[in-house]
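Here is what each chain is made of, one letter per residue.
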Amino acid sequence: MKKTLLSLFLFVAAFSTIGIRAQEKPPLTWQDIAAWQYIRPYNTALSPDGQWLAWVDGPTEGDLKLVLRHTQDTLRYDFAIGGTATTAVFSRDGKYAAFRESPKRAEAKAAEKARKPLYSKLHVISLPDTQKVVFEKIKDFGFSGEQPAWIAVSFAAPDGAPKGDDAPKGTDLLLYHLATEKSFNLGNVSAYAFNKTGNYLAYTVDANGQNGNGIFLRDMATGITTALDNDKASYSRIRWNDEGTAFALLKAKKDEAYKTPVYSVIGISRINGDHTAKVIYSGIDDEHFPKGKGISEHGDVFWSDDLSTLFFGIAKLEKKAGKADGPGNADSVASKDSIKADSAVIAKADTSQAGKTAIAAKPKDKADVEKPDVIIWNWQDKRLQSAQQVQQQRDKNFSFAAAYRLADNRFIQLADSTMRNVTIGPKQLYALGYDYSPYEWSNSLDGQSYVDLYLIDTKNGEKTLLLEKYYQSAARGIPFAPNGKLISYYQDGAFYSIDLTTRQTYPLTAQVDASFVNEKDDHNVTKPATPHFGWSEDSKFVFIRDNYDLWRITADGKHALSLSDNWKQTKTQVAGAYRIYPNDKAIDLKKPQYFAVFNDATKQSGIALLGAGKTSLQLLFMDDHGYSGLQKAEDKPVFTFTKENSVKSPEWLASSAPDLANATQLTENTPDQKHYAWSSGVRLINYVSDHGDTLQAALYLPAGYEEGKHYPTITYIYERLTQGLNSYAMPAYPGGGFNRTVYTSNGYAVLMPDIKYKLNDPGMSAVACVIPAVKAAIATGIVDSDNVAIHGHSWGGYQTSFLITQTNIFKAAAAGAPLTNMISMYSLIYWNSGSTNQPIFEASQGRLTPGYWDNWEAFTRNSPIFHIKQVQTPLLLLHNDKDGAVDYTQGIEYYNGLRRLNKPVVMITYKGENHGIAKDPNKKDYAVRMLEFFDHHLKGKPAPDWWERGIDLLDMEKHLDERAFR
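Residues numbered from 1 in each chain as written. Predicted model: local features only at pLDDT ≥ 70, side-chain atom pairs only at ≥ 80, totals over all residues. Heavy atoms only, no water.

(A) Quick look at the sheet that holds strand 44 (residues 682–688). Ordered in space as 44-45-47-46-48-49-52-53, the 8 strands form an open sheet in which the pairing is mixed. The open sheet is flanked by strand 44 and strand 53 (905–908), the only strands paired with a single partner. Each neighbouring strand pair of the sheet contributes to a mean axis angle of 20°, computed without reference to strand direction. Relative to strand 49 (residues 812–816), strand 48 (residues 783–793) is paired through 5 bridges, and the arrangement is parallel. Bridge pairing in strand 49 links His 791 to Ala 814. Packed onto the sheet, helix 8 (residues 762–779) meets strand 44, strand 45 (694–700), strand 46 (711–716), strand 47 (749–753) and strand 48 and runs at close to 125° relative to strand 44. (Pairing = 2+ DSSP bridges. Helix = DSSP H or I, 4+ residues; strand = E, 2+ residues; numbered from the N terminus. Axes fitted to C-alpha atoms, helices over the stretch in contact; angles between N-to-C directions. Contact = heavy atoms within 4.5 Å.)

Have a look at this one:
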């Protein structure tokens, strides 16, 4: 009897265990990613009245929906929007929402293969009653400003419409009255823009044969339309001023004397007055305008705030062969009252004897002579020829900032061939000119970026040297005060301001007992700066952070106040400022201001509030979550922000309280997560590097973690990674093969350590930091010391390929796009930009200086290739043949070296791919192979055939067919 009862007990226990196991959630596989539902993080919008939040949701691969959710209750509406994410646009009064619907994903793929055009629809939703109107084949749209009675809908050109540079660009523009649902069609419109209030619409016409082309102004209240300028010309680039009382644009007209159209700038003003004023300026007949130049089609065109000056760009304007210098048939300066003074001077051919001789000397068949395809690299080139090739289109489109003053009919050139970069300040009183020319050659060699900084008076173009040989790498920008009369800058560990009217310099941080040298920046940069958060709206204060605390400092530097009250003691820092008032150009202390907060010791984050008129920050909350994306409704005190942690995806919350209290969760992100095995959380590990630095590492726990059980572990490295301790890793097909969530779901722990670098020892620094981190992780009892792998991509790939030459602690390694020979890499080309790698080594991530000829020991000591004989770790190597960041030869060199030594290595190359993998089939393929590789080495699963014996080229197609996305 006892035996029978015991047997029955064991049977029931066994059955119960089987039942529990049957209920265990499956791990997330790469095949599951395609259907993974999640909210797109960059397509959210909050209505101006704070009543509605819009976002886009849907699978990784598939058709999406746009959600409109009421912020005060549970009301929501879902709309199908096809295969492409879009962002909803709300009318200024919050009564309407408009968004695009693109073709479905399958339709788009079919159209792409068939090379058929694709069109979008526009949905306009009345939010009070959800009535909807849909417009087909749209190009773009826009509500009518602050008085959104209208929406303008621009339609795509019809099928079969003429194409090319000379084809008309105009299409139908529909003006739809939202309340009455009445429509007004404007034909052949090529550009349009409402002013700020929305009571005026400026638009250009570009019709067939340029018939009726011009710039027009429509009064939206009366419907009266005025032709402001008509010509056989094309018009573009409408830009209103902030007040909506004036706008500027470009006009292009063909001229027989020139190879390309001649551009003029048109300024329209006094729009709210009785008589609209117009000025047209081309510079062609202006003796002060630089010869061989014309107004550029690519430069910014705008009015000064006081409407005294038009700003634009100028660029090269070539005459046709045989045309004499002189003005062409183009518009010139108009008077204040818009009386256009047209002048036409016919360009005459060169009939001089010298001209005749030159023409006669030309070979008749010169155009037919086959020219060599050659590039000449000269040691004196300020930019490498490869850089010039990459930047060729930018150089062609480059325009030099210039201005035209109406009061004295004066042209002013602000930028020139030596001072190409010019920043025009607020109020357009002054501009800053950056002259790199004395240092451009040396900057291109070592990356130490110096510049001569000039002050430019925009009234007369007068230039004054402010800072000579200024080390711009440490500056992170030179912000103007909103009044346009002050700037602040950083130099040699301290911040300063300059009064531009008096040229007086003031030390801003001299009296502050804190360091403004960024202690976490270990690149080869001279005293890198801590963050500068900008000026106050009244131009009285600057906001500058030391390594932790935020300081409010008067413009003359005489008074400094810590707004965060010695947060350094707790390692809490003000991490950033939220710009929640879209119309504010600076920090308005009359309004509540919000700041991101981060604790460097605990990795907790939160939000702090600086109340209106207050002088100290109030910490609203700080915990083991990540917070971001704080925004405020334009008209109401409604706030939205996101909250996440390592196991919970970002959710959008809304609060109507200034202190963000009682926030309501609006979204339900990643609904599929509950169906899969998931990470049990994260541990923060403190450890000491071999250099004696106290560092930290994030250890993400595997799904189903049990205390006391050891787990296979992937060590993922780059530089400092623990700042993301509480960030969520969205399941996705990664460009580098690794996704943290997929690995933790599949039973791996993931270790992400911080790395601190010593100059001239990047590789050895990784060794000094990563190995102690692994040992500290093993000491927790979570990591299986016999089954630890390492992976990194790019700089992480370099460190991975180096670490396996220095240690056998890793059972397997995967290195993506690694630098492997610092000597050969140093002088190769960074093809994505065309520059050499030398600046990257000497002023950025490489942390090796000077060149290897004077630093041979450091270069060889930190190069994987010179220690290759010591490698014992099986290596999966990724290097694509069109890698524009780390040259393909770096991977080839390491692979062939390991192969020559009969070391276990497989290199995977995706044809035509750059530094990361962009094409989805390739992303999927590499992600699957990497997991197969680690599963084999760390979990004992069978070796995949491509690793065990390789795949012959002739068998590759069959191999891929058999895998058919595992």
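(B) Region of the structure containing the packing of helix 14 (residues 920–939) against helix 16 (residues 956–963). It is at 13 Å that the axes of helix 14 and helix 16 come closest, and there the two elements cross at 80°. When the interaxial angle is binned, helix 14 and helix 16 end up roughly perpendicular. Between helix 14 and helix 16, the residues in contact are Asp 925, Val 928, Arg 929 and Glu 932 and His 959, Leu 960 and Arg 963, respectively. (Parallel < 35°, antiparallel > 145°, perpendicular 65-115°, else oblique.)

(C) Structural detail: the packing of helix 8 against helix 9 (residues 795–803). Between helix 8 and helix 9, the least distance of the axes is 9 Å, while the angle of their chain directions is 80°. The angle between the axes of helix 8 and helix 9 places the two elements in the roughly perpendicular class. Every residue of helix 9 that contacts helix 8 at Pro 762, Gly 763, Met 764, Ala 766, Val 767, Val 770 and Ile 771 is listed here: Trp 795, Tyr 798, Gln 799, Phe 802 and Leu 803. By residue class, the composition of the contact of helix 8 with helix 9 is 10 nonpolar, 2 polar and no charged. (Nonpolar A, V, L, I, M, F, W, Y, C, P; charged D, E, K, R; others polar.)

(D) Geometry of the pattern of salt bridges. Inspection of every chain in the model, using the stated rule, returns 31 salt bridges. Among the salt bridges present, the one from Asp 492 reaches Lys 527, with a minimum N-O distance of 3.1 Å. Here Asp 492 is found in the loop between strand 29 (486–491) and strand 30 (494–499), whereas its partner Lys 527 is found in the loop between strand 31 (504–507) and strand 32 (532–535), with 35 residues between them in sequence. For Arg 963, the salt bridge identified is with Glu 932, shortest N-O distance 3.1 Å. (Salt bridge = Lys/Arg side-chain N within 4 Å of Asp/Glu carboxyl O.)

(E) Molecular detail of the sheet that holds strand 39 (residues 618–623). Ordered by their spatial adjacency, 4 strands build an open sheet running 36-37-38-39, and the pairing between neighbours is antiparallel. The open sheet has two edge strands with one neighbour each: strand 36 (572–578) and strand 39. In this sheet, adjacent strand axes meet at a mean angle of 25° when their direction is disregarded. Examined bridge by bridge, strand 37 (residues 593–599) and strand 38 (residues 605–610) share 6 bridges and lie antiparallel to one another. Across the sheet, residue Phe 598 finds its bridge partner in strand 38, namely Ser 605.

(F) Quick peek at the side chain of Asp 784. Here Asp 784 is to be found in strand 48. The charged side chain of Asp 784 is buried without a salt bridge, its nearest counter-charge being Lys 811 at 7.3 Å. Only 2.8 Å separates the side chain of Asp 784 from the side chain of Asn 787, close enough to count as a polar contact. Those residues in contact with Asp 784 that sit more than four places away from it in its chain are His 710, Tyr 711, Pro 712 and Thr 713. (Buried < 20%, exposed > 50% of the residue type's maximum accessible area, 1.4 Å probe, protein only. Lys, Arg positive; Asp, Glu negative; His and termini not counted. Polar contact = N/O pair within 3.5 Å; in protein donor to acceptor, adjacent residues only side chain to side chain.)

(G) Spatial organisation of a nonpolar patch on the surface. On the surface, a cluster of nonpolar side chains totalling about 270 Å² of accessible area is made up of Ile 375, Trp 377 and Leu 384. Examined against the element boundaries, Trp 377 turns out to sit in the loop between helix 3 (353–361) and helix 4 (385–390). For Trp 377, a relative accessible area of 46% gives the class partly exposed. (Patch = residues over 30% accessible without salt bridge, like charges linked within 9 Å, V, L, I, M, F, W, Y side chains within 5 Å. Areas by Shrake-Rupley, 256 points an atom, 1.4 Å probe, with all protein chains shown as cover.)

(H) Molecular detail of the pairing of strand 52 (residues 875–878). Covered by surrounding structure in strand 52 are Leu 875 and Leu 877 together with Leu 876 and Leu 878, the residues of both alternating faces. In this sheet, strand 52 lies alongside strand 49 in parallel orientation, the contact comprising 4 bridges. For Ala 814, the partnering residue across the bridge sits in strand 52 and is Leu 876. Note that strand 52 and strand 53 share 4 bridges and pair parallel. Bridged to Leu 878 within strand 53 is Ile 908. At this point the chain moves from strand 52, through helix 13 (residues 888–900), to the parallel strand 53, and the crossover so formed is right-handed. (Right-handed = clockwise from strand over helix to strand, strands pointing away.)

(I) Region of interest: helix 8. When the terminal C-alpha atoms of helix 8 are compared, their 26 Å separation across 18 residues agrees well with the 26 Å that a helix rising 1.5 Å per residue should span. With respect to burial, helix 8 is a largely interior element, 14 of its 18 residues being buried. Trailing helix 8 by a residue or two, Gly 781 shows a phi angle of about 85°, which is positive. (Expected span 1.5 Å × (residues − 1).)

(J) Spotlight on the packing of aromatic side chains. All told, the structure shown has 46 aromatic pairs when counted by the stated rule. Consider the rings of Phe 302 and Phe 311, whose centres lie 5.1 Å apart with planes at 15°: the pair is stacked. Assigned by exposure class, Phe 302 and Phe 311 land together as buried. Put simply, the rings of Tyr 716, Phe 738, Tyr 743, Tyr 748, Phe 933, Phe 934 and Trp 947 pair up and form one aromatic cluster. Above the plane of the ring of Phe 398 lies Arg 420, whose end atom (NZ or CZ) is 3.9 Å from the centre. For Arg 552, the ring lying beneath its charged end belongs to Phe 541, and the centroid distance is 4.2 Å. (Phe/Tyr/Trp six-rings, centres within 6.5 Å; stacked < 30°, edge-to-face > 60°. Lys NZ or Arg CZ within 6 Å of the ring centre and 35° of its normal.)

(K) Structural detail: the confidence of the model for the chain. Averaged over all residues, the pLDDT of the chain is 92; the fraction at 70 or higher stands at 92%. Of the regions scoring below 50 in pLDDT, residues 326–361 engages in 68 contacts with residues more than four places distant in sequence or in other chains. (pLDDT = per-residue confidence, 0-100.)

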